[in-house]
Amino acid sequence: MQKIKIVAAGDSSILIEFGREINEEINRKITTTVQLIHAQQIEGVVDMIPAFSTLLINYDPRIVSFEKMRKRIQELVKMEVKAGTGRKKIFEIPVCYGGEYGPDIDNIASHAGLTQEEVIQIHSSRDYLIYMLGFLPGFCYLGGLDERIHTPRLANPRLKINAGSVGIGGSQTGIYPLDSPGGWQLMGMTPVKTYDPDRETPILVEAGDYIRFIPIDEQEYRRLKELVERKEYQCIIHEGEV
């Protein structure tokens, strides 16, 4: 891993630069640092915003000075430099692929020279690391999409993509948490709400978690959709070693 840098970012923020690459080792370092700061309950920390290779820490300068915060962060980062394996959460996200739920799956299959069934099998065959959240509340930037199904974005973006839509945009895949314009190729839809403002914890997942897409048929989609609307659905979560 590259040398970690800690720099000022305005008058009430510190930016930790863990490197200039997008990879799981750097992301794991960011995740463990966030967990350690939470555990230490460092005075003055307001919130933390993890990204692909950086962690932004916002603090209250009325409570703690920049220099004191910088030194505290330096100590914590050194503690975790040689962090080993940890625990990971894997969220199962059921997806109804194709048809009205995934109107662009033919485009994806044609571009890849594969059948729809092969595209679905490839897309649902691995766990995707959540590198960061952004763009919309609960929108996950996922890593690890198989190169065989990388697909260019639409030439003409849609004015509205329904919440729950699962798509591919270039080398990334993801879930639209809200109705939104967008140019990704839509391959399916999940009944699970990755963002729900009425939930105690509105955003379902965090950076550092994993998503596992589970193919379901339309009947199962409708059944799960009803459970979600009645607030009776519980997302299946697996835990394992990183």
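From a predicted model like this one, the values you see are computed outputs, not experimental measurements. (Residues numbered from 1 in each chain as written. Predicted model: local features only at pLDDT ≥ 70, side-chain atom pairs only at ≥ 80, totals over all residues. Heavy atoms only, no water.)

Participant: Where do I start with the pattern of salt bridges in this structure?
Facilitator: Applying the stated criterion across every chain yields a total of 16 salt bridges. The salt bridge involving Glu75 is made with Arg72; its shortest N-O contact spans 3.5 Å. Of the two residues, Glu75 and Arg72 are both situated in helix α2 (residues 66-80); the distance of 3 residues between them amounts to about one turn of the helix. You can call Glu75 partly exposed: its relative accessible area is 45%. For Asp146, the salt bridge identified is with Arg126, shortest N-O distance 3.3 Å. Of this pair, Asp146 sits in the loop between β7 (140-143) and β8 (158-161) while Arg126 sits in the loop between α4 (116-123) and β6 (127-133), and the two are 20 residues apart along the sequence. (Salt bridge = Lys/Arg side-chain N within 4 Å of Asp/Glu carboxyl O. Helix = DSSP H or I, 4+ residues; strand = E, 2+ residues; numbered from the N terminus. Buried < 20%, exposed > 50% of the residue type's maximum accessible area, 1.4 Å probe, protein only.)

Participant: What exactly am I supposed to notice about the nonpolar core here?
Facilitator: What tends to happen in soluble globular proteins is that the nonpolar side chains get buried as a cluster. Counting 34 residues, the largest nonpolar core has Ile93, Tyr97, Leu142, Met187, Ile211, Phe213 and Tyr233 as its most contacted members. At 5 residues, the largest contribution of residues to this core is made by strand β5 (residues 87-97). Residue contacts for Met187: discarding those within four places in its chain leaves Cys96, Tyr97, Gly98, Tyr101, Gly102, Ile105, Ile108, Val119, His123, Val166, Gly167 and Ile168. Counting 19 residues, the second largest nonpolar core, distinct from the first, contains Phe18, Ile26, Leu55 and Tyr59. (Core = buried A, V, L, I, M, F, W, Y, C linked by side-chain atoms within 4.5 Å. Contact = heavy atoms within 4.5 Å.)

Participant: Sorry if this is basic, but what is going on with α4 here?
Facilitator: It helps to recall that an α-helix has 3.6 residues per turn; residues three or four apart then point in one direction. Residues Val119, Ile120, Ile122 and His123 constitute the buried set of α4. For α4, the angular spread of buried residues about the axis comes to 165 degrees, placing them on one side. (Arc of directions from axis to C-beta.)

Participant: How do you make sense of helix α3 (residues 105-112) when you look at a structure like this?
Facilitator: Every buried residue of α3 is listed here: Ile105, Ile108 and Ala109. Down the axis of α3, the buried side of the element spans an arc of 95 degrees, and every buried residue falls inside it. Looking at the residues trailing α3, positive phi occurs at Gly113, about 70 degrees.

Participant: It is not clear to me how the pairing of strand β10 (residues 172-175) should be interpreted in this structure. Could you clarify?
Facilitator: Across a regular strand the side chains alternate sides, sitting on one face of the sheet and then on the other. Residues Gln172 and Gly174 of β10 are buried on one face, and the alternating residues Thr173 and Ile175, pointing to the opposite face, are buried as well. Note that strand β9 (residues 165-169) and β10 share 4 bridges and pair antiparallel. Opposite Ile168, over in β10, you have Thr173 as the bridge partner. Taken together, β9 and the strand that follows it, β10, pair antiparallel across an intervening segment of 2 residues, in which Gly170 is found at a positive phi of about 70 degrees. (Pairing = 2+ DSSP bridges.)

Participant: Before we go on, may I ask you to explain the packing of aromatic side chains in this structure?
Facilitator: Centre-to-centre distance and the angle between the planes together describe a pair of aromatic rings. As enumerated under the stated definition, the model contains 9 aromatic pairs in all. Taken together, the ring pairs connect Phe52, Tyr131, Phe135, Phe139, Tyr141, Tyr176 and Trp184 into an aromatic cluster. One Lys or Arg, Lys88, reaches over the ring of Tyr210 and ends 4.4 Å from the middle of that ring. (Phe/Tyr/Trp six-rings, centres within 6.5 Å; stacked < 30°, edge-to-face > 60°. Lys NZ or Arg CZ within 6 Å of the ring centre and 35° of its normal.)

Participant: Help me understand the pairing of strand β3 (residues 45-50), please; the structure alone is not making it clear to me.
Facilitator: Across 5 bridges, β3 lies against strand β4 (residues 54-59) in antiparallel orientation. Within β4, the residue paired with Met48 across the bridge is Ile57. A loop of 3 residues connects β3 with β4, the two strands running antiparallel in sequence.

Participant: Is there a simple way to explain the state of the cysteines in this structure?
Facilitator: What is meant by a disulfide is a covalent connection between two cysteines, made through their sulfur atoms. Following the criterion strictly, the structure yields 0 disulfides and no others. Here Cys140 is not cross-linked by a disulfide; its sulfur's nearest cysteine counterpart is in Cys235, at 11 Å. (Disulfide = S-S within 2.5 Å.)

Participant: Just to check I follow, could you spell out the sheet that holds β3 for this structure?
Facilitator: Where strands meet in a sheet, backbone hydrogen bonds hold them as pairs that are either parallel or antiparallel. Across the sheet, which stays open at both edges, the 4 strands sit in the order β1-β2-β4-β3 with antiparallel pairing between neighbours. Single-partner strands in this sheet number two, and they are β1 (5-8) and β3. Each strand of the sheet is rotated relative to its neighbour by a mean of 20 degrees, with strand direction disregarded. As paired elements, β1 and strand β2 (residues 13-17) share 4 bridges and run antiparallel to each other. Bridge assignment links Val7 to a residue of β2, and that residue is Leu15. (Axes fitted to C-alpha atoms, helices over the stretch in contact; angles between N-to-C directions.)

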